[in-house]
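# Structural features, examined
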Amino acid sequence: MAVSNNIIATINFIALICSIPIIFTGVWLASKPDNHCIRSLPWPIVFIGVLFLLLALTGFIGAHWNKQGLLAFYLFCNAALIVTGIILLILAYVVTHPSGAYSVPGREYDEYRYMGYSEWLRDHITDPENWGSIKACLASSSVCKKMVWDSYTAPQFFASRISSLQSGCCKPPTVCGYQYVNPITWINPTNPMGDVDCILWNNDPNQLCYNCDSCKAGVLGNLRKEWKEANVILIIAVIALICLYLIAFNAYKNIHKSESKK
C-alpha cells in the first residue's frame, strides 16, 4: 500500500475512533433528566456521530484496499458534510443567541421570559401539539419532585442554583409575591396581577406552573443551554472534518500523480 494510502487510512482510523465519543455524547444528553421530555436535541448529535463514523470507515476502506472510486466518494461526502456542519452551526447560533433569562433581586437562580427566545424556537417547541406532550412528561417526571426531597428552607432555596426547568415550571414567578412553604408549595400572593402566570400557579403537584409561559421559557432555556453545549461538539467535528479533507485530498492527488508516472 502506498505511503499516501497509509496516511489516509491512518487518519481515518483515528477519526473512526473519535466518532464514538460524539455518538455517546448524544446518548448521554438523551439520558439526562432535564432532556427526558425533549427528544429533538440529542438524536441529531447521534446522527452526526454515525455519519462521521461511516465517513471515516469509507475513507479507511478506500485507502487500505486502494479503492480509488471509494476514495473519490469519500472526499465528496466529506466536503458535503463540512458544508452541512457549517450551515447547522450558523443556524444554531441564530436560533439560540436570544436568551429569556433574567436575574431577580434576592435570588441566586435566574427566571425566564418566554418572549425572550427566538420565534423559531418558540414555535417549534411550544406549539400546542408539542407542548401537550412535553407538559404531560414534565408532570410525570421527577424534575420538580426531587426539589422537595432536598428539604430546602426558604433561605437555602433562594440561594440555590436550580435549573431553568425547575425555575420556570416548579414555582410561581417571584413578581407574584407568593410565600414559600416548600419548593413546590407557595401561598398567599401579594401581587396576583403582577404576571399572567400568577393566576395559573397551582399547588397540585400535577399542575404547578406547567400551564405557565414561564414553564415554556424554562424549557426553552434548558434547550438553549444544551444546544450551546452541542455546538461545541459540532465545531470540533467540523474542524476535524476540514483537517481530514485537506490531508486526504493532498494524499489523493499524490496517489494520482504516482499512478500517472507508471
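Residues numbered from 1 in each chain as written. Predicted model: local features only at pLDDT ≥ 70, side-chain atom pairs only at ≥ 80, totals over all residues. Heavy atoms only, no water.

Worth spelling out the cut-off: UniProt positions are given in the numbering used here, feature names are shortened, and annotations may be inferred rather than shown by experiment.
The protein is annotated in an unreviewed UniProt entry as Tetraspanin of Deinandra increscens subsp. villosa. As recorded by UniProt, the Subcellular location (unreviewed entry) comment attached to the protein reads in full: "Membrane".

## A short note on the packing of aromatic side chains
What counts is decided by this rule: When two rings of Phe, Tyr or Trp (its six-membered ring) have centres within 6.5 Å they constitute a pair, described as stacked for plane angles under 30 degrees, edge-to-face for angles over 60, and tilted for the intermediate range. Numbering of helices and strands runs from the N terminus, with a helix taken as a DSSP run of H or I at least four residues long and a strand as a DSSP run of E at least two residues long. In this scheme, a residue with accessible area under 20% of its type's maximum is buried, one over 50% is exposed, and one in between is partly exposed, where area comes from a 1.4 Å probe on protein chains only. For a ring to carry a charge above it, either NZ of a lysine or CZ of an arginine must fall within 6 Å of the ring centroid while also lying within 35 degrees of the normal to the ring plane.
Here the structure, examined in full by the defined rule, presents nine aromatic pairs. Ring centres 5.8 Å apart and planes at 65° place the aromatic pair Phe-157 and Trp-186 in the edge-to-face group. Placement of the pair is Phe-157 in helix H7 (residues 154-158) and Trp-186 in strand E4 (residues 185-187), with a sequence separation of 29 residues. By relative accessible area, which is 0% here, Phe-157 ends up buried. Counting every residue linked through ring pairs, the aromatic cluster contains Tyr-109, Tyr-152, Phe-157, Phe-158, Tyr-180 and Trp-186. Looking at Arg-113, its charged tip hangs above the ring of Tyr-102, at a distance of 4.2 Å from the centre. Seen from the ring of Tyr-114, Arg-122 lies directly overhead, with NZ or CZ sitting 5.8 Å from the centre.

## Here's the deal with the UniProt feature "transmembrane region" (unreviewed entry) in the protein
Here, UniProt's "transmembrane region" (unreviewed entry) annotation points to residues 6-29, 41-65, 71-95 and 232-252. Between the C-alpha atoms that bound residues 71-95 the distance is 36 Å, and the span itself is 100% helix and 0% strand. Helix makes up 100% of residues 232-252 and strand 0%, whereas the separation of the span's terminal C-alpha atoms amounts to 30 Å.

## Quick look at the nonpolar core
Cut-off, in case you're wondering: Buried Ala, Val, Leu, Ile, Met, Phe, Trp, Tyr and Cys residues form a nonpolar core when they are joined through side-chain atoms within 4.5 Å. Contacts are assigned to residue pairs that have any heavy atoms within 4.5 Å of one another.
Core analysis: the biggest nonpolar cluster contains 40 residues, and Ile-134, Leu-138, Phe-157, Trp-186, Tyr-210 and Val-219 have the highest contact counts within it. At the level of secondary structure, the elements contributing two or more residues to this core comprise helix H4 (119-126), helix H5 (128-140), H7, helix H8 (164-169) and helix H9 (213-261). For this core, the leading source of residues is H9, giving six residues. Not counting chain neighbours up to four residues away, the residues in contact with Val-219 comprise Ile-38, Ile-125, Trp-131, Ile-134, Leu-138 and Leu-165. With 23 residues, the next largest nonpolar core counts Ala-15, Leu-71, Ala-237 and Leu-244 among its residues.

## Side note on the pattern of salt bridges
Quick note on the threshold: By convention in these notes, a salt bridge is any Lys or Arg side-chain nitrogen within 4 Å of a carboxyl oxygen on Asp or Glu.
Summed over all chains, the structure comprises three salt bridges. Among the salt bridges present, the one from Glu-108 reaches Arg-161, with a minimum N-O distance of 3.9 Å. Pair noted here: Glu-108 is in the loop between strand E1 (101-103) and strand E2 (110-112) and Arg-161 is in the loop between H7 and H8, with a separation of 53 residues, a long-range link. Residue Glu-108 is classed as partly exposed on the basis of its relative accessible area of 41%. Between Lys-225 and Glu-226 there is a salt bridge, with the nearest N and O atoms lying 3.3 Å from each other. Using a relative accessible area of 37% as the deciding quantity, one classes Lys-225 as partly exposed.

## Remarks on the state of the cysteines
Applicable threshold: Only a pair of cysteine sulfur atoms within 2.5 Å qualifies as a disulfide here.
For the coordinates displayed, the defined rule picks out four disulfides. Disulfide partner of Cys-144: Cys-170, at an S-S distance of 1.9 Å. Residues Cys-144 and Cys-170 are joined by a disulfide whose S-S torsion is about -80°; by sign, that bridge is left-handed. Highlighted residues: Cys-144 in the loop between H5 and helix H6 (145-149) and Cys-170 in the loop between H8 and strand E3 (179-182), separated in sequence by 26 residues. Residue Cys-170 is classed as buried on the basis of its relative accessible area, which comes to 0%. With a sulfur-sulfur separation of 1.9 Å, Cys-176 is cross-linked through a disulfide to Cys-198. What sets the handedness of the Cys-176 and Cys-198 disulfide is the S-S torsion sign, and at about -90° it is left-handed. Here the residue Cys-176 occupies a position in the loop between H8 and E3, and Cys-198 occupies one in the loop between E4 and H9, the gap between them amounting to 22 residues. Judged by relative accessible area, Cys-198 falls into the buried class, the value being 1%.

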